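One letter stands for each residue in the lines below.
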Amino acid sequence: QVQLVESGGGLVQAGGSLRLSCAATGRSTISSRAMGWFRQAPGKEREFVAGVVSSGGSTYYGDSVKGRCTISRDNAKNTVYLQMNSLKPEDTAVYYCASSSARWGPRRSYEYDAWGQGTQVTVSS
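(A) Broad picture of the sheet that holds strand S8 (residues 79-84). Strands sit in the order S1-S3-S8-S7 across an open sheet of 4 strands; the sheet is antiparallel. Across the chains shown, the open sheet's two edge strands, defined by having one partner strand only, are strand S1 (4-7) and strand S7 (69-74). Ignoring strand direction, the axes of neighbouring strands in this sheet form an average angle of 15°. Pairing of strand S3 (residues 18-24) with S8, which is carried by 6 bridges, proceeds in the antiparallel orientation. Note that in S8 the partner of Leu 18 across the bridge is Met 84.

See the structure below:
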């Protein structure tokens, strides 16, 4: 069982940047797992943001953040990152880190079996 903890959220003005971190804790390891970021805004469904395969060699993104976000991982540190630039008020949401055993690039919530508690990102106008 993988346990994940997100950090790095906060308040930022439109056009600004944030870097979120997701660390596996305790005995957990993410080195053999695909990792992803999701977000959920008030009144909206949980949305896929970004994913990275276990090696870090391939990344992929949801349409709403393409060109503005970069996901990366450091398996030696058991940590995944989400760099977000050119932030918009529409990016305001709770951001969740998740882990998957899927062999191909997972984009659906049900393909992930471990989740963090989330970190709030608020983008002001």
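(B) Here's a closer look at the state of the cysteines. Summed over all chains, the structure comprises 1 disulfide. With a sulfur-sulfur separation of 2.0 Å, Cys 22 is cross-linked through a disulfide to Cys 97. Taking the sign of the S-S torsion, about -75° here, the bridge from Cys 22 to Cys 97 comes out left-handed. Of the two residues, Cys 22 sits in strand S3 while Cys 97 sits in strand S9 (residues 93-100), which places them 75 residues apart along the sequence. A residue is classified by how much of its surface remains accessible, and Cys 97, at 0% relative accessible area, is buried. Unpaired in terms of disulfides, Cys 69 finds its nearest cysteine sulfur in Cys 97, a separation of 14 Å. The class of Cys 69 is buried, set by a relative accessible area of 7%.

(C) Fine view of the pattern of salt bridges. For the coordinates displayed, the defined rule picks out 5 salt bridges. Between Asp 113 and Arg 33 there is a salt bridge, with its nearest N and O atoms 2.7 Å apart. With Asp 113 in the loop between S9 and strand S10 (114-115) and Arg 33 in the loop between S3 and strand S4 (34-40), this pair connects stretches of sequence that are 80 residues apart. The class of Arg 33 is buried, set by a relative accessible area of 16%. Salt bridges sharing partners connect three or more residues here, namely Arg 39, Glu 47, Arg 68 and Asp 91.

(D) Quick peek at the nonpolar core. Within the largest apolar cluster, 28 residues are counted, with the highest numbers of intra-cluster contacts made by Trp 37, Leu 82, Met 84 and Tyr 95. Of all the secondary-structure elements, those providing two or more residues to this core are S3, S4, strand S5 (47-52), S7, S8, S9 and strand S11 (119-124). Ranked by the residues each element gives to this core, the list is headed by S3, at 4 residues. Of all hydrophobic cores here, the second largest spans 5 residues; its members include Phe 38, Phe 48, Tyr 60 and Tyr 112.

Scoring rules and cut-offs
Residues numbered from 1 in each chain as written. Predicted model: local features only at pLDDT ≥ 70, side-chain atom pairs only at ≥ 80, totals over all residues. Heavy atoms only, no water. Pairing = 2+ DSSP bridges. Helix = DSSP H or I, 4+ residues; strand = E, 2+ residues; numbered from the N terminus. Axes fitted to C-alpha atoms, helices over the stretch in contact; angles between N-to-C directions. Disulfide = S-S within 2.5 Å. Buried < 20%, exposed > 50% of the residue type's maximum accessible area, 1.4 Å probe, protein only. Salt bridge = Lys/Arg side-chain N within 4 Å of Asp/Glu carboxyl O. Core = buried A, V, L, I, M, F, W, Y, C linked by side-chain atoms within 4.5 Å.

Geometry only, nothing functional implied.
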